[in-house]
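# Survey of secondary and tertiary structure
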Amino acid sequence: SQTIHQWPATLVQPVGSPLSLECTVEGTSNPNLYWYRQAAGRGLQLLFYSVGIGQISSEVPQNLSASRPQDRQFILSSKKLLLSDSGFYLCAWSQQTSGTGELFFGEGSRLTVL
Amino acid sequence: GDSVTQMEGPVTLSEEAFLTINCTYTATGYPSLFWYVQYPGEGLQLLLKATKADDKGSNKGFEATYRKETTSFHLEKGSVQVSDSAVYFCALSRYNQGGKLIFGQGTELSVKP
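One structure accompanies this document, and this report is about it. (Residues numbered from 1 in each chain as written. Chains lettered and ligands numbered in written order. Predicted model: local features only at pLDDT ≥ 70, side-chain atom pairs only at ≥ 80, totals over all residues. Heavy atoms only, no water.)

## Some remarks on the state of the cysteines
To keep it simple, the criterion reads: Two cysteine sulfurs form what is called a disulfide whenever their separation falls within 2.5 Å. We count a stretch as a helix when DSSP gives it H or I for four or more residues in a row; a strand needs E for two or more, and each element gets its number in order from the N terminus.
Scanning all chains against the criterion turns up two disulfides over all chains. The side chain of C23 of chain A participates in a disulfide bridge whose partner is C91 of chain A; the two sulfur atoms lie 2.0 Å from each other. Given an S-S torsion of about -80°, the disulfide between C23 of chain A and C91 of chain A has left-handed geometry. Placement of the pair is C23 of chain A in strand β3 (residues 19–26) and C91 of chain A in strand β9 (residues 87–94), with a sequence separation of 68 residues. Note on cysteine connectivity: C23 of chain B is disulfide-linked to C90 of chain B, with sulfurs 1.9 Å apart. Across the S-S bond of C23 of chain B and C90 of chain B the torsion is about -70°, and the bridge reads as left-handed.

Dropping the structure here:
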């Protein structure tokens, strides 16, 4: 069966510090991968999605970047964090051949920028 | 563009009460529709889905019917439990959008014993 893991689960970082959140998927190949952000009391905002290694699409301009160095690995990064980067970050995957677009989510990473 | 609108929360109910969470969408064509649930401190889990008009998705006592004429996908449960307390998200997906989901803002449900 397929599983998705992301880490770290919780992170407290000072403003201006770098960020790296990692997500890996097991049990499937060539998945679509996604990073969503959930700000406190708000819905989910799609940040990045990827349909293959090295292929990244950004949905909103921001302070963050994403990379996909391997088929089942998706990394969210920042060189200098801002206070507004605080939130709950969710990685997700979907099958490329699925017509329904169902997403499977990781456990989430809570980032607090102080 | 495509969008999803959910009823405002939080919703507070007593155990065994009837639940309705309204969801309407705006999209061209025939999107797939989903309800996801997020328990405190966790990621999202798929609760149910419907892929075409008049389909009814159901799971764990929850139901939602894809109504194209009213562009709605309301979530219902006949008798809620304390364990149903969570945030519920309505979402849509279009196949030609690479599987990306568009989410509503979420509705927090709190069930009291």
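More follows now that the structure is in view.
## With respect to the pattern of salt bridges
As a reminder of what qualifies: Should a side-chain nitrogen of Lys or Arg be within 4 Å of a carboxyl oxygen of Asp or Glu, the pair is scored as a salt bridge.
Applying the stated criterion across every chain, the model contains seven salt bridges over all chains. Across the salt bridge formed by R68 of chain A and D71 of chain A, the nearest N and O atoms sit 3.3 Å from each other. Two residues, K56 of chain B and E63 of chain B, come together in a salt bridge whose shortest N-O distance is 3.6 Å.

## Notes on the sheet that holds strand β8 (residues 73–78) of chain A
All names here are of chain A. The following threshold applies: Any two strands with at least two DSSP bridges between them are considered paired. Between N-to-C directions, angles cover 0 to 180 degrees, with each direction set by a line fitted to C-alpha atoms, over the stretch in contact for helices.
In space, the four strands of this open sheet follow the order β1-β3-β8-β7, with antiparallel pairing throughout. The open sheet has two free edges, formed respectively by β1 (3–7) and β7 (65–70), since each of these has just one partner strand. The sheet shows a mean angle of 20° between the axes of neighbouring strands, taken without regard to direction. Of the strand pairs in this sheet, β3 and β8 are connected by six bridges, and their pairing is antiparallel.

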